[in-house]
Amino acid sequence: MNNLDDSGALAAADPGGMIGMVAGLPEQLARGAVVRSALGASAGPVAAPVSRPVLVCGMGGSAIGGDMAAAWAATHGVRVAVHRGYGLPAWAGRETLVLFSSYSGNTEETLSAFDAAAAHGADRRSLATGGALAVRARAAGAPLVEIPSGGLQPRAALGHSLVAQLVQLHHAGVLPDPVADLERSAAHLRTLAGHYSPNVPEASNPAKRLARRWHEHLPVIYTGSGCMQPVGVRWRGQINENAKSLAVASVLPELDHNEIMGWTALPEVRRRVALVFLRDAQDAGAVDLRMRVTSEILAPRVGAVEWIESAGDTVLERMLGAAWLGDWASLYLAFLYGVDPTPVAEIDVLKSRLAAAAAAAQPA
């Protein structure tokens, strides 16, 4: 497909309904008050404010909400770590609040972490649509937020995941009430829909134009280490899963101490790179300067350089607005490549083979 303004062709290229899933993010964010009320009814009153180590365990689309929750928590002086893997980090112990995020409830790494946390005696809280995680949480009497399913792909449930995590952390006394900020962010995204949605022509649609520049190129996304860092990770994952295309995400200032030296070899590859600097107004002045100097050095070596500025009055608005731009752009990129954005065949094959190997390893 080449014409991103042909609404009929877009619908035909999207049999799994990813357009509707992406468009639903604002309404997911607006559910904060509902989730807060439901958790209070099931788990009792909000705990008194407390300072304690916080760890979010999740993978893929279920972990990115943890990255964004950590960025929002940092603005309130709270450190939240995100663990993508089996078991728990060695530092996690009885005093740690551990939050388990799995859309399906059957993510094997997250279930492994849940069991490890039980052995440590850690305070466990979970969110899932169901599955084994929900079963184990109920059996342990651990607070659980059951997030809506609705046939979503895990990566399309970012709003549900983020809302559930922030509300859980508020209920545990770690963070202030996030509902007002979530509602503001939902309103911000509804405004952005008038710029990114399929019915907005490419000539005035930043998401379609970004997809066009990424087409037949390798997107490389550079951010600072603030609230745009999880957005860079989100963009990479969305390009991977929706457009079935490779992408790279790196962070300043660290990349200026190593990766910048990698832009000399492979000129035929470099010419196919679309380098994006994703900037936030709260990036430190030194980071902003580094971005600009890095861009000056690398621009002659790559196919294209793009600058994108986050927009919004709050960290959550800017983070979610920028993430949504990448969601839409990755979706339009899938259409340019002629691929269905919804299925993730290789992930399904991998899970099937891992399950078969695990079954074969069980004693007879």
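Just above sits the structure.
Reading the values: the criteria
Residues numbered from 1 in each chain as written. Predicted model: local features only at pLDDT ≥ 70, side-chain atom pairs only at ≥ 80, totals over all residues. Heavy atoms only, no water. Helix = DSSP H or I, 4+ residues; strand = E, 2+ residues; numbered from the N terminus. Buried < 20%, exposed > 50% of the residue type's maximum accessible area, 1.4 Å probe, protein only. Contact = heavy atoms within 4.5 Å. Axes fitted to C-alpha atoms, helices over the stretch in contact; angles between N-to-C directions. Parallel < 35°, antiparallel > 145°, perpendicular 65-115°, else oblique. Left-handed = near helix turned anticlockwise from the far one by under 90°. Nonpolar A, V, L, I, M, F, W, Y, C, P; charged D, E, K, R; others polar. Pairing = 2+ DSSP bridges. Expected span 1.5 Å × (residues − 1). Phe/Tyr/Trp six-rings, centres within 6.5 Å; stacked < 30°, edge-to-face > 60°. Lys NZ or Arg CZ within 6 Å of the ring centre and 35° of its normal.

Visitor: I'd like a description of unusual backbone geometry, backed by residues and values.
Guide: The step from Leu 252 to Pro 253 runs through a cis peptide bond, and the omega angle for that step is 10°. Looking at the secondary structure, you find Pro 253 in the loop between β7 (248-251) and α12 (267-270). Within the chain, Glu 216 stands out as a residue other than glycine whose phi angle is a positive 65°. Relative to the helices and strands, Glu 216 resides in the loop between α10 (206-214) and β6 (218-223). Unlike most non-glycine residues, Leu 266 shows phi in positive territory, near 50°. Relative to the helices and strands, Leu 266 resides in the loop between β7 and α12.

Visitor: Could you give an account of the environment of Ser 62, with specific residues and numbers?
Guide: By the element assignment, Ser 62 lies in the loop between β1 (54-57) and α5 (64-74). Its relative accessible area of 7% is what places Ser 62 among the buried residues. Separated by 42 residues in sequence, Ser 62 and Ser 104 place their C-alpha atoms 9.2 Å apart. Not counting residues up to four positions away in its chain, the partners in contact with Ser 62 are Ser 101, Ser 102, Tyr 103, Ser 161 and Gln 165.

Visitor: For the packing of α5 against helix α8 (residues 158-171), give the residues involved together with the corresponding values.
Guide: The N-to-C vectors of α5 and α8 enclose an angle of 50°; their axes lie 9 Å apart at closest approach. Relative to α8, the element α5 is oriented oblique. The chirality of how α5 crosses α8 is right-handed. The segment α5 lies against α8, with Ile 64, Gly 65, Gly 66, Met 68, Ala 69 and Trp 72 engaging Leu 158, Ser 161, Leu 162, Gln 165 and Leu 166. Tallied by class, residues from the contact of α5 with α8 come to seven nonpolar, four polar and no charged.

Visitor: Can you break down the sheet that holds strand β2 (residues 80-83) residue by residue, with the values?
Guide: Strand order in the open sheet formed by five strands is β2-β1-β3-β4-β5, with parallel pairing between adjacent strands. Each end of this open sheet is capped by a strand with a single partner; those strands are β2 and β5 (144-146). Taking the axes of each pair of neighbouring strands and ignoring which way they run, one obtains an average angle of 15° across the sheet. Pairing analysis gives four bridges linking β1 to strand β3 (residues 97-101), with the strands arranged parallel. What sits directly across from Cys 57, in β3, is Phe 100.

Visitor: Explain α8 to me, and be specific about the residues and the numbers.
Guide: Three or four residues apart is the spacing at which side chains of an α-helix point the same way, because the helix has 3.6 residues per turn. Spanning 14 residues, α8 covers 20 Å between terminal C-alpha atoms, matching the ideal 20 Å at 1.5 Å per step. Counting buried positions along α8 yields 14 of 14 residues, so the element is predominantly enclosed.

Visitor: Describe the packing of helix α4 (residues 32-43) against helix α9 (residues 179-196), with residues and values.
Guide: For the pair α4 and α9, the least separation of the axes is 9 Å and the interaxial angle reads 150°. Regarding the angle of α4 to α9, the classification is roughly antiparallel. In this structure, α4 contributes Gly 32, Ala 33 and Arg 36 to the contact, and α9 contributes Val 179, Leu 182 and Glu 183. The class makeup of the residues in the contact of α4 with α9 is three nonpolar, one polar and two charged.

Visitor: So what's going on with the packing of aromatic side chains? Residues and values would help.
Guide: This structure, assessed with the given rule, holds seven aromatic pairs. Relative to Trp 235, the ring of Trp 214 has its centre 5.7 Å away and its plane inclined at 75°; by these criteria the two rings are edge-to-face. Linking Trp 214 in helix α10 with Trp 235 in helix α11 (residues 229-243), this pair joins segments that are 21 residues apart in sequence. For the pair Trp 214 and Trp 235, one class covers both residues: buried. Taken together, the aromatic side chains of Tyr 196, Trp 324, Trp 328 and Tyr 332 make up a single cluster linked through ring pairs. The positively charged end of Lys 208 is found above the aromatic ring belonging to Tyr 332, 5.6 Å away from the centroid.

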